[in-house]
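Geometric and topological summary
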Amino acid sequence: GDERRHAARWASDAKIEILAPIQSHAVALDVSATGIQLALDGWLSTGTLCDLKITTHSGREIFKRASVIWARRVGDECVAGLHVVGSIVPPAMPE
C-alpha cells in the first residue's frame with residue numbers, strides 16, 4: 001500500500017512531546033490534516049500507537065493519538081511518519 005499522505009503538507013516547527021509508549025521530545029518536520037513527520041533521538045517502531053502533546057508556534061496545546069506508519073534512521077535521529085487516528089484526553093496535571 002501507499003504509505004504517503006494524500007493531504008497537503010506544510011512545514012512545521014511545532015514541538016512534540018511523546019507521552020506514551022515512551023517519553024521523548026520530538027520536532028515536527030511537516031504536518032498535514034492526517035499526519036505528522038517528526039524527528040526524535042529515540043526510536044519508534046512501525047505500528048506503534050503514540051500519545052502526543054503538540055505545542056504549536058502560538059503556544060496552543062493539542063493532544064492526539066497517532067500510529068507509526070514508517071520509521072528510518074537519519075544520522076543519529078529517528079525520522080518517522082505518523083498517521084493521526086484520534087484525539088486523547090489531556091493527562092491530569094499534578095496538584
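Located above this text is the structure these notes cover.
The structure contained in this document is the topic of the report that follows. Since we're looking at a predicted model, the values are computed, not measured.

Overview of the side chain of Lys53
In this structure, Lys53 sits in strand β5 (residues 49-55). For Lys53, a relative accessible area of 18% translates into the label buried. Within the structure, Lys53 has its side chain in polar contact with the side chain of Glu61 (distance 3.4 Å).

Some thoughts on the packing of aromatic side chains
Applying the stated criterion across every chain yields a total of 0 aromatic pairs. Taking NZ or CZ as reference, Arg72 lies 4.1 Å from the ring centre of Trp70, over its face.

Description of the nonpolar core
One finds Ile16, Ile18, Ile36, Leu38, Leu44, Leu52 and Leu82 to be the most contacted residues of the largest nonpolar core, which totals 18 residues. When residues of this core are traced back to their parent elements, those giving at least two are β2 (15-20), β3 (24-32), β4 (35-40), β5, β6 (61-74) and β7 (77-87). Apart from residues lying up to four places away in sequence, Ile18 is in contact with Gln23, Ser24, Ala26, Leu40, Leu44, Cys50, Asp51 and Leu52.

What about the environment of Thr34?
In this structure, Thr34 sits in the loop between β3 and β4. Judged by its relative accessible area of 32%, Thr34 is partly exposed. Taking C-alpha positions, Thr34 is 8.6 Å from Leu82, a pair spaced 48 residues apart along the chain.

Conventions we followed
- Residues numbered from 1 in each chain as written.
- Predicted model: local features only at pLDDT ≥ 70, side-chain atom pairs only at ≥ 80, totals over all residues.
- Heavy atoms only, no water.
- Helix = DSSP H or I, 4+ residues; strand = E, 2+ residues; numbered from the N terminus.
- Buried < 20%, exposed > 50% of the residue type's maximum accessible area, 1.4 Å probe, protein only.
- Polar contact = N/O pair within 3.5 Å; in protein donor to acceptor, adjacent residues only side chain to side chain.
- Phe/Tyr/Trp six-rings, centres within 6.5 Å; stacked < 30°, edge-to-face > 60°.
- Lys NZ or Arg CZ within 6 Å of the ring centre and 35° of its normal.
- Core = buried A, V, L, I, M, F, W, Y, C linked by side-chain atoms within 4.5 Å.
- Contact = heavy atoms within 4.5 Å.

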